[in-house]
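Spelled out, the chains give:
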Amino acid sequence: MTARETRPTPDREAIDALPPFPPLERSRIALVRTADGAREAAAALADHPVWGFDTESKPTFFKDQVSDGPHVVQLAVAERAWVFQLADPGCREAVAALLAHPAHAKAGFGLRDDNLRVRAKLGIEPAGVIELNALFRAQGYRKDMGVRAAVAVLFGQRFAKSKKAATSNWAAASLSESQLLYAANDAWAAYRVAQALGVEAG
């Protein structure tokens, strides 16, 4: 491929025709709501140099409405994912420390807004963040890929995303099973893509 050539990003129709991408099972997803739970998660994550990373925020519905998210932060490795609810101050503090730690890469898609919200809410600068769209652009893909297109290109499979879960209330005191699966698998799929692209901690 020459420098002037670009690769096409698969469209919705092409993706929908692919076989399903097997999701991370619920038994491998941990819901973390307390400082103690966050410290246990941090201990498990410490052994892994690369994490899949994403956040969720309660949707805004008005033009000038400002989000006070993120309300949820997701981190994932090869066999597990953690979904952190940030209502508890101790949990927020532990998650802030994880995201600010420079020795671990945090890979995901469309992270600009996530990073802005993390800075505003947690008061830290996320370190080691890797925007996976940038890696695909370097390979000749003109458009942002997003997780669905990336999974289609790399694995020939269809990653399922629920619009209902995506626009649900992420600030709720209790998350539903569908929210947990949605959040965890977004981060886990990002990890799988990062792994396939050979991402390493810097």
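What you see is a predicted model; the values in this text were computed from it and never measured. Each chain carries its own residue numbering, running from 1 in the direction its sequence is written. Two thresholds apply to this predicted model, a pLDDT of at least 70 for residue-level local features and 80 or more for giving and counting side-chain atom pairs, whereas whole-chain, interface and lining totals are computed over all residues. The basis for the side-chain values is all heavy atoms of the structure; hydrogens and waters are excluded.

### So, the overall build of the protein
Okay, step 1: A run of H or I in DSSP counts as a helix once it spans at least four residues, and a run of E counts as a strand once it spans at least two, with each numbered from the N terminus. In terms of regular secondary structure, the protein is built from 8 helices and 6 strands.
Okay, step 2: Sequence-ordered secondary structure for the protein, helices as α and strands as β, is α-β-α-β-β-β-α-β-α-β-α-α-α-α.
Okay, step 3: The size measure is the radius of gyration over C-alpha atoms, and the globule rule it meets is 2.2 Å times the number of residues to the 0.38 power. The C-alpha radius of gyration of the protein comes to 17 Å, within 12% of the 17 Å expected for a compact globule of 202 residues.
Okay, step 4: Counting only C-alpha atoms and orienting by the principal axes, one finds that the protein spans roughly 50 × 40 × 35 Å.
Okay, step 5: The buried share of the protein, reckoned over its 202 residues, is 43%.
Okay, step 6: In the protein, once contacts between residues fewer than 6 apart in sequence are set aside, the share between residues at least 24 apart is 71%.
Okay, step 7: What sets the accessible areas is the Shrake-Rupley method with a 1.4 Å probe; for residues, cover comes only from the shown protein chains. A total of about 10600 Å² of accessible surface is found on the protein, and carbon and sulfur atoms cover 51% of it.
Okay, step 8: Think of it this way: Lys and Arg go in the positive column, Asp and Glu in the negative one, and His and the chain ends go nowhere. Note on charges: their place is set at NZ of Lys, CZ of Arg, CG of Asp or CD of Glu. Each charge class in the protein was averaged separately, 25 positive and 23 negative side chains, and the resulting centres sit 4 Å apart. Buried, partly exposed and exposed residues are distinguished by accessible area as a fraction of the type maximum, computed with a 1.4 Å probe on protein chains only: under 20%, between the cut-offs, and over 50%, respectively. Residue contacts are counted whenever heavy atoms from the two residues lie within 4.5 Å of one another.

### Side note on the pattern of salt bridges
Okay, step 1: In the sections that follow, a salt bridge refers to a side-chain nitrogen of Lys or Arg positioned within 4 Å of a carboxyl oxygen of Asp or Glu. Within this structure, the stated rule accounts for 8 salt bridges.
Okay, step 2: Where Asp36 meets Arg39, a salt bridge forms, and the shortest distance between an N and an O atom there is 2.4 Å. One end of the pair is Asp36 and the other is Arg39, both in helix 2 (residues 35-45) and 3 residues apart, which spans about a single turn.
Okay, step 3: One salt bridge in this structure joins Asp144 and Arg137, with 2.5 Å as the shortest N-O distance.

### Notes on the sheet that holds strand 3 (residues 72-76)
Okay, step 1: Each pair of strands is called paired provided DSSP finds at least two bridges between the two strands. Pairing within the open sheet is mixed, and its 6 strands lie in the order 1-4-3-2-5-6. With partners counted over all chains shown, the strands left at the sheet margins are strand 1 (29-32) and strand 6 (129-131), one partner each. Averaged over all adjacent pairs, the angle separating strand axes in this sheet is 25°, with direction ignored.
Okay, step 2: In this description, a line fitted to the C-alpha atoms serves as the axis of each element, helices being fitted only across the stretch in contact, and the angle between N-to-C directions of two axes falls anywhere from 0 to 180 degrees. Relative to the sheet, helix 2 contacts strand 1, strand 2 (50-56), strand 3 and strand 4 (81-85), its axis offset from that of strand 4 by approximately 150°.

These results come straight from atomic positions and should not be treated as a statement about function.
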